[in-house]
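# Descriptive structure summary
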Amino acid sequence: MSTSSLSAATAPVKESDPQNAFPRTRPRTYTDAINALNTLQPNADYVAQLARSLETACPNLQMCGWVRRVGYSPSDFDALNIVHVAGTKGKGSTCAFTSRILQEYAPLILPPGRQKIGLYTSPHLCNVRERIRIDGTPLSEDLFAKYFFEVWDKLQETKPQLPPETDAKARLGDPQETMMPMYFRYMTLMAWHVFLEENVGMVVMEVGVGGEYDATNVVERPVATGITLLDIDHVHLLGDIVERIAWHKAGIMKKGVRCFSGSQVEGAKAVLAERAQEKGAELIWVPNWNELKGEVELGLQGGFQWANASLAMELAREAVRKVSGGKIEIGFDGGVPKEMVRALKETRWPGRCQVLRDKVKSNVEWCLDGAHTIESMKVAGRWFVKREWKSDEKVQDEKRRKRVLIFNQQDRARDAKKLLKVLHGILMLARETQHIPSSISSLLTGAEARVEEEPLFHHAIFTTNITCRNNSVKPDLVYNKHGPDTLEIQELTVQRELENEWRVLENGVPTSLSRSVEEAVEVARGLAGEGEELVVLVTGSLRLVGGVLVVLEWNEEEEEEEEEEEQVVVVGKA
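Residues numbered from 1 in each chain as written. Predicted model: local features only at pLDDT ≥ 70, side-chain atom pairs only at ≥ 80, totals over all residues. Heavy atoms only, no water.

Here we come to the overall build of the chain. When you go through the chain residue by residue, the secondary structure sums to 19 helices and 15 strands. By the burial criterion, 59% of the 574 residues in the chain qualify as buried. Taken as a whole, the chain presents about 23700 Å² of accessible surface, with 49% of it coming from carbon and sulfur. (Helix = DSSP H or I, 4+ residues; strand = E, 2+ residues; numbered from the N terminus. Buried < 20%, exposed > 50% of the residue type's maximum accessible area, 1.4 Å probe, protein only. Areas by Shrake-Rupley, 256 points an atom, 1.4 Å probe, with all protein chains shown as cover.)

Following this line, the structure appears as structure tokens:
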């Protein structure tokens, strides 16, 4: 395997180029790294151009060019024994389960000095460092800065080295793009560099968007691939029908490599099967092992996690078989192995069906789920109904339990109003019937059939994703497309539309508009009176959930594990 030479002297800094504004003439910090990374955020024009050019350009070829500029070739990544995972819903959770299982088996199948398990996922919630983990722990700020600038300097030193036959379309017509990769592609390059430099023995890698043309898909020989539940998302890039989305996701299949997938709708199943045959991959359908509920406890809440855990078990089993050269076969004849039982119970994945206790107001409980598609909103609604109305019965008679909703989805492509309607309909119907209807239209009309009773929420807050009330955003959470300077944010356009929609759905329920997540959190806390239990559901966007976690000063690396069936941690300064 070749190694990168990232210690060569940098070229003179061009002060006119903002991407050359981080010279080695001074120590470069984590904050410098994040500020540099934020210069690589794509703008709306770039995203539109990428969508138009996906099938006529060669994004994978372009990514290979950047790989070479950093000092590697795609074949170098074979040494990382990559488990590659695509899908729409549950990718992150499946990767987290898989990574944790592999940590249990690493000493048995990997040589000394290379027994670490890497995990690469996106997006992040609070810190960019979350995207690159080793043995479940995000990179430290010092290591992040070190490796970030090693890659940065190498890219600054080199010119594009795409093959001569690559035409202008493959370069997407963007000079900056040919000089420096955009945000996600840069992070993918950095992840590979980190894992190789840190002597990681196996890596679980989550696809960013799609699969066929994703930056991660220059991997040539993964040890296993997996496809989680498919849903409609990123329609501007992948299309608006599940069959088209399935085509893209199946792009990670490789000849001679087993691909595992759980339950899918018939149209998606047919496309996955066709693509597997086309690519020479063996497609294996994974059953949802609900029967294991009495034998295994999951560290992640939500009944839907059994499908993710089932897929993760099969991915890990195949990875162990391949890496051990067939010497270790994990069997289930005698029940689930203790290593898997322990791993599944100890898996943590924040921002999805997460419950936190507020330390500023001890009678406030936060329920957070970054649902942002129709299917994920159905799942989040069902989870909230099951735990909230069950919890309601436990509250002492002398205490009232109030519910507050904090909601946002800033991306117009995801139709925030439709998501809000689905959330309302699913909560109404799930509360009344305790089942989730399969028809989306029935969710949207659920309000018409509801009986008169107490509201789902006693207050609804619609906020932007801007972190702080002074319009400042934590550098890790900067998102140029929906920054504080955009007119839509300044005028609270989306928030006003959502408020009007909610007033139709829940007439008479008080609502608030917030310009920042910090303000929304303060409003919610202020609604908790003496002798009252207050539960706050935060949903609609992973960026929103991440912002709330930042305001609550939640720290993943200091999180205390609970021995109770449901883990609840205390957050926020007293």
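Moving on from the coordinates now.
Tracing the sequence through the fold places G251 in the loop between helix 9 (242–249) and strand 7 (258–261). Residues G251 and G211 lie 40 residues apart in sequence; the distance between their C-alpha atoms is 5.0 Å. What G251 contacts, discounting residues up to four positions off in sequence, is G211, E212, N217, R275 and K279. (Contact = heavy atoms within 4.5 Å.)

For the rest of this paragraph, the subject is the nonpolar core. Core analysis: the biggest nonpolar cluster contains 46 residues, and F144, F148, M190, W192 and F195 have the highest contact counts within it. Broken down by secondary-structure element, the contributors of at least two residues to this core are helix 1 (30–38), helix 3 (59–70), strand 3 (132–134), helix 5 (141–157), helix 7 (183–197) and strand 5 (200–206). Here this core takes 11 residues from helix 7, the largest share from any one element. Residues in contact with M190, not counting those within four places in the same chain, are I132, L139, F144, Y147, F148 and V151. (Core = buried A, V, L, I, M, F, W, Y, C linked by side-chain atoms within 4.5 Å.)

Okay, the packing of helix 4 (residues 91–109) against helix 11 (residues 305–323) next. Direction vectors running N to C along helix 4 and helix 11 enclose 30 degrees, while the axes themselves pass 8 Å from each other. Helix 4 and helix 11 meet at a crossing whose hand is right-handed. Taken together, the residues of helix 11 that come into contact with helix 4 (itself represented by S93, T94, F97, T98, I101, L102, Y105 and I109) are Q305, N308, A309, L311, A312, M313, L315, A316, A319, V320 and V323. Of the residues that constitute the contact of helix 4 with helix 11, the class distribution is 14 nonpolar, 5 polar and no charged. (Axes fitted to C-alpha atoms, helices over the stretch in contact; angles between N-to-C directions. Left-handed = near helix turned anticlockwise from the far one by under 90°. Nonpolar A, V, L, I, M, F, W, Y, C, P; charged D, E, K, R; others polar.)

When the terminal C-alpha atoms of helix 17 (residues 493–505) are compared, their 19 Å separation across 13 residues agrees well with the 18 Å that a helix rising 1.5 Å per residue should span. Taken as a whole, helix 17 has its buried residues at V494, Q495, L498, E499, E501, W502 and L505. Angular distribution of buried residues about the axis of helix 17 spans 165 degrees; they occupy a single face of the element. (Expected span 1.5 Å × (residues − 1). Arc of directions from axis to C-beta.)

Nothing here speaks to function; it is all geometry.
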